[in-house]
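# Residue-level structural notes
One-letter residues, chain by chain:
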Amino acid sequence: MQNFSWFNPTKILFGKGSVAKLENYLLDANVKTALLIYGGKSVFKNGAYAQVTQLLSKLKIAFPEVNEIKSNPRIDKVREAIARIKASPVEVIIPIGGGSAFDTAKAVAAGACYDGDVWDFFEKKAAPKKAIPIFGVLTASASSSEVNNISVISNPEKNFKTSMTSDMIYPKISVIDPEFQFTLPERQTVYGGVDIIAHILERLLDGDEGSEVMDDLGYSLIRTMIRVIPELIEDPRNYDSRSEYAWTACLAHCGIFSCGRATRGDFASHKLGHSMSLLYDIPHGASLSVAMPAWARYLYEANPVPFARLGENVFDIFDGSDEEKAIDAIEALEDFFRDIGAPVTMRELNLSEDSIEKLTENVAQIGEFGTLKKLNRDDVLEIYKLAY
């Protein structure tokens, strides 16, 4: 294992009725005004909005709102919320929702404490020095934004979707009540599950062979997801399966899987997927179920070992050479995605063949990327062709 330091200051309040536990934290912080950030109807349907606002009203805390956050959150909403806070300050920000609400809240929390434009953080022109505390309420597990220091935002003006990372934007508190996820549409459960699996695979498939303890944890968590996603398709209100799904999401991308690794992971598949989401508004999980198998097919012959180990430890594939086990593992992963209703080709996303060149150009602007192999423009083009 490599030397490492790991820091995660987020306090997690997990389980049924956990919103009520926010009361003491709000009182201790002497909160008078909290900005609510959420998407749309789902927070009313699942009961999270009612529980949060009832608590805030009980404590006589004012709660202005910024809503209509999209599933691929955009910089215009971030700027709108920052302007509101600068005009009328708040003590905390409360995202209610999934990764989009949390990612927006994080960017707002940092941007409201900065004199320049918040996009500077995403272009690495500046780094946050402080941020407004975030007391989040999760209603859809997938991105792990509730437990990490990352915010991913799209900027249509610049034709770019990217992330900022800062220890300033870890949520101070994240409430994770699995019951809020009982009413999620099946598609969201499926796509969220793909994202969770992808976060783990980005580490397992990065070519680092020096952190077996983390690899073994990763294989175990993928097996958990392969079990619980079908259970939730069958019974969306299965509390135990929802709980395991939600906690696996937290573990997948809270930073722990980077411990002892030479890098934080590969994340080429995420970059390939980000362009699909930016240009064609493809759900993040759907972009990953297409991009990751294509990326794997492109690389496995030169780098069979991590894919073969995935086959052995997740799909019980033991026969054949490493190359044979590797391609069998990739096909098993694709089969699982198909079985749960996730797309595995760009055609299934209704993308035309013309989109391949547009996507390639969009991704190529970031330069070379990836860990298992540094991908250049030609590599990206070939991967999208495989994905089509």
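Attention here is on the structure that accompanies the text. (Residues numbered from 1 in each chain as written. Predicted model: local features only at pLDDT ≥ 70, side-chain atom pairs only at ≥ 80, totals over all residues. Heavy atoms only, no water.)

## Looking at the overall build of the protein
Across its full length, the protein holds 15 helices and eight strands. On C-alpha atoms alone, the protein measures out to a radius of gyration of 20 Å, which is about the 21 Å that the 2.2 N^0.38 rule sets for 388 residues. Reported as C-alpha extents along the three principal axes, the dimensions of the protein are approximately 65 × 45 × 45 Å. The 388 residues of the protein split such that 58% are buried. In the protein, the share of contacts with a sequence separation of at least 24, taken over all contacts with a separation of at least 6, comes to 76%. With the model as given, the accessible surface of the protein reaches about 16,000 Å², and the carbon-plus-sulfur share is 48%. (Helix = DSSP H or I, 4+ residues; strand = E, 2+ residues; numbered from the N terminus. Rg over C-alpha atoms; globule rule 2.2 N^0.38 Å. Buried < 20%, exposed > 50% of the residue type's maximum accessible area, 1.4 Å probe, protein only. Contact = heavy atoms within 4.5 Å. Areas by Shrake-Rupley, 256 points an atom, 1.4 Å probe, with all protein chains shown as cover.)

## Details of a nonpolar patch on the surface
The grouping of M1, F4, W6 and V213 at the surface amounts to a nonpolar patch, some 450 Å² of accessible area in total. Inspection of the secondary structure puts W6 in the segment before β1 (11-14). (Patch = residues over 30% accessible without salt bridge, like charges linked within 9 Å, V, L, I, M, F, W, Y side chains within 5 Å. Salt bridge = Lys/Arg side-chain N within 4 Å of Asp/Glu carboxyl O.)

## Thoughts on the environment of I226
Structurally, the position occupied by I226 is in helix α8 (residues 212-234). Given the relative accessible area of 23%, I226 is considered partly exposed. Sequence separation between I226 and L333 is 107 residues; the distance between their C-alpha atoms is 9.8 Å. Leaving out residues up to four positions away in the same chain, I226 has contacts with V314, F315 and F336.

## Topic: a negative patch on the surface
On the surface, E301, D319, E323, E324, D328 and E331 cluster together into a negatively charged patch. With respect to the helices, strands and loops of the structure, D319 is situated in the loop between α12 (304-314) and α13 (322-339). (Lys, Arg positive; Asp, Glu negative; His and termini not counted. Charge placed at Lys NZ, Arg CZ, Asp CG, Glu CD.)

## Points about the sheet that holds β1
The strand order across the open sheet built from six strands is β1-β8-β5-β4-β2-β3, with neighbouring strands paired in parallel fashion. At either margin of the open sheet sits one strand with a lone partner, and together these are β1 and β3 (65-66). Where strand β5 (residues 135-138) meets strand β8 (residues 173-176), four bridges bridge the pair, whose relative direction is parallel. Bridged to F135 within β8 is I173. With respect to the sheet, helix α5 (residues 99-111) is in contact with β2 (34-38), β4 (92-97), β5 and β8, its orientation differing from that of β4 by roughly 165 degrees. (Pairing = 2+ DSSP bridges. Axes fitted to C-alpha atoms, helices over the stretch in contact; angles between N-to-C directions.)

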